[in-house]
Amino acid sequence: MSALTARRWALDLAATAALLAVPIIGFAPTFDSPVYLVAAVGGALLGLAVAAVGAWRRFGVLLMAALTIGVYFVFGAALALPHTAILGVIPSIDTLAQLGAGVVTSWKALLTTVAPVAASDGHLLVPYLMSLIAGVSTASLALRARPPAWALIPAAAFLAAQIALGTAQPAAPLVQGLVFAIVAIAWLAVRQAWQPARAAISIGEEGEPASSGVATRRLVAGAVVLAVAASAGVATSALAAANEPRYVLRDVVIPPFDIRQYPSPLQSFRAYVRDFPDEPLFSATGLPEDARIRLATMDAYDGTVLNVADDSGAGSSSAFSPVRGNMSPEATGTPVTIHVEVDALDTVWLPDAGQMTSVAFEGDRAEDLRRSAYYNDATGTAVVTAGVQRGVAYTFDALLPATPSDEQLADADFAPVRMPDQDDVPTEFAEIASDMVADANTPIEQARALQQSLSQDGFFSHGLEGQVLSRAGHGAERLTTLLGGQQMIGDDEQYAVAMALLAGQLGMPARVVMGFYPDEDQAGPVFTATGDTLHAWVEIAFDGFGWVPFDPTPPEDQVPNDQTTKPRADPKPQVLQPPPPEQQPVDLPPTVPDERGSEDEENTIASLIGFILLIILIVLLVVALLLAPFVVIGGLKRARRRQRLSADRSADRISGGWDELLDRSSDYGTPVRPGGTRTEDAVVVGTAFAAPQVSTLARRADADVFGPRDPSPEEVEEFWREVDGIVGDMRQRAGFWRRLRALLDVRSLLAGTRFALPERRRGRAPRSDADAAPEPVDADAADADADGAATDGARS
């Protein structure tokens, strides 16, 4: 390998690495840590190595494909799946299986996981595979293809794919596009400058090397084109970066999970209590003392039922996303690991505790359960659409936040949490809440006042056989009866919802949690959940402390009887809300889903249209970027032609026509040695393009420029017509790629002094009288010299 070839290879590989670095860095918002760089950068370097070996040994396409596949499987364990490899490096059977299946499944797994995704979930396969393929294809084309600009196609495809697989909040799209354009144009400009210069064939100077300034001029031309293209790229990107939503594949491939299609779990509260008082629903091993198992969190009330909010935005109780390995990234607390085995529980809600960070299912259904599991970081609740039923077992890691004391909350305000609107809350609840907190001053005192007013003044009853009558439900009429009657009688369902609604009337961010926790006498390493341990409580958010639990339900032994039953000290008049019309519940279910379905369909269509428009915009920008050099260079050459045609003197227009012929022949690969006469230049051009008429045209140019009179406009027009005819023949003789290179050739532009100072060529007339020698000469002698020069030109 020659020194020149080695230098060119180093340039091509360095440029390829820089081009691949742009989309690799663009993956940053998709992953939760820079660990993905190990897989992405490693895949890119392996791709460069494979391409270099293939170019050196001149491997064919099939052999290159086989080599790439082998590298993918050999190094995939260490770079993409270290947690499945032996010692983190050696591929295991599981590693090879995941590498094989990941070629097809890893894309969907990445798109259906909420970003930023965890590297431990196998998502590193995507950047590893994309970087490897892009590295092999881009570097192979850069090293082998002529012209090397073909290498920009796979590099641009890698960038477009990274954008499509990324997030709606990109890292720096303007910087990405600008850096990619600058690297591409600078690389091609340097490659153009490094092309071996063709030695000009001139009479009497055969074999003389090309001018040493050719390479420098090429570099200057490349810098000029680069500056113009970069400026255009910045302007275009600024116009394209409007404040419009960015659509990516993850927004349209799979619609977001809608928890509202399932009924509120609080509606089943009394059924669990009645049907499973002692039967195990599930068992939890590793639950710390005083910890609680959370089943569901609800914060939206419609006058009939308390449910999750209808808003799926970030922080909403309905914002569920697929489970992943880095859930609850901002949570703090005591780390715990809890193992759960499900018995009689039959629901979609997955029992958990604290803030879950990861979950691993067990058994034959493990994969189906994992794929259908969703988690809400804001509320700490999980669901499994495949069903949480008998036989399901799983282990989850979580962070249990510490519960602050009232002393710690003495100076704390309520957290500025956006809560959903509560509809059809009884109007008298605001007055009842105000009376309950009349003597409280601080936020924690107000929350405790609500809790104690309900737990101390109320009575407990599930309304089961042998208990005081207590109706189930938590609609507006039922809660009005609870708070406005002579006695407050109910269970967790009524008291928790009542306190949450009262707190909401006072501006407190409150929600209801349904879950399990052991009684005081149920100590042990294994907690067995039954209907008797099912509870509902209230959580209120305090600034700096998070959600704090409150238990407004009276103790279970605080029941009404003949001795304890007594009227309330200040009973509120019982104001019953009129029950909703019977036909309303019948009409509501079909109407709401239909509207939501239509709205979801419109949103999906709008998202798809937006994504298609985004792809079209990207394609147009790429096309505009690729065409920018042609437009800029072509515009400069057209301006040069117009300047030559509009010269003041007819002789200068003739001289400009000859310069145009030489410049165009130089564009088509026949550079003319600077300083030659027209006759010498005509030999070079005529030999290169088999055009003997060039010599005749050269003699005519000498006669018109140095003759005793200026040529007429008709003669100038005829001269340019012959020049255009010869240039047209050059174009027809050249192939497609030669014509394309001629459009981008800037060497004739660098020699701009041809048309600005035409006298630099031997035998050329000055462009204007001001350029003539300043010393006076004899007029007769000047005429004699001119006649002699014309005669010599005619002999030539």
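Look up a bit, the structure's there.
As a starting point, this report considers the structure included with it. Within every chain, residues take consecutive numbers counted from 1 along the sequence as written. Selection of residues for local features in this predicted model requires a pLDDT of at least 70, selection of side-chain atom pairs for listing and counting requires 80 or more, and totals for whole chains, interfaces and linings are taken over all residues. Water and hydrogen atoms play no part in the side-chain values, which are based on all heavy atoms of the structure.

Brief notes about the pattern of salt bridges
Every case where a carboxyl oxygen of Asp or Glu lies within 4 Å of a side-chain nitrogen of Lys or Arg is listed as a salt bridge. Taken as a whole and judged by the stated rule, the model has 23 salt bridges. Salt-bridge contacts for R270 lead to D491; the nearest nitrogen and oxygen are separated by 2.9 Å. In this pair, R270 sits in helix α9 (residues 269-275) while D491 sits in the loop between β13 (488-490) and α14 (492-505), placing the two residues 221 residues apart along the sequence. The pair formed by R270 and D491 is uniform in burial state, with each residue classed as buried. Between E717 and R721 there is a salt bridge, and its shortest N-O distance comes to 3.7 Å. Here the residue E717 and the residue R721 both occupy positions in helix α19 (residues 713-733), the gap between them amounting to four residues, near one helical turn. What counts as a helix is a DSSP run of H or I of at least four residues, what counts as a strand is a run of E of at least two, and both are numbered from the N terminus. Relative accessibility decides the category of a residue: with a 1.4 Å probe and only protein chains considered, values under 20% of the type maximum give buried, values over 50% give exposed, and everything between is partly exposed.

Observations regarding the pairing of strand β16 (residues 534-542)
Counting buried positions over the nine residues of β16 gives nine, a clear majority of the element. Residues L534, A536, V538, I540 and F542 line one face of β16 and the alternating positions H535, W537, E539 and A541 line the opposite face, and both faces are buried. By this definition, two strands are paired if DSSP reports at least two bridges between them. Inspection of the sheet shows strand β14 (residues 510-516) paired to β16 by seven bridges, in the antiparallel sense. In the sheet register, R511 faces β16, and the bridge partner there is E539.

A few points about a nonpolar patch on the surface
Each patch is built from residues lacking any salt bridge and having more than 30% relative accessible area; the joining distance is 9 Å for like charges and 5 Å for nonpolar side chains (Val, Leu, Ile, Met, Phe, Trp, Tyr). Method for areas: the Shrake-Rupley scheme with a 1.4 Å probe, in which residue coverage is limited to the protein chains shown. On the surface, L141, W150, I153, F736 and W737 cluster together to form a nonpolar patch covering roughly 490 Å² of accessible area. Considering the arrangement of structural elements, one finds F736 in helix α20 (residues 736-744).

Thoughts on the pairing of strand β10 (residues 381-388)
Summarising burial for β10: six of the eight residues are buried, a large majority. Here strand β7 (residues 347-350) pairs with β10 via three bridges, running antiparallel. Within β10, the position partnered with T347 by the bridge is V388. Looking at chain direction, strand β9 (residues 373-376) and β10 are connected through four bridges and run antiparallel. Looking at the pairing, N376 lines up with T381 of β10. The turn joining β9 and β10, which pair antiparallel and follow one another in sequence, is formed by four residues; a positive phi near 70 degrees is taken by G380.

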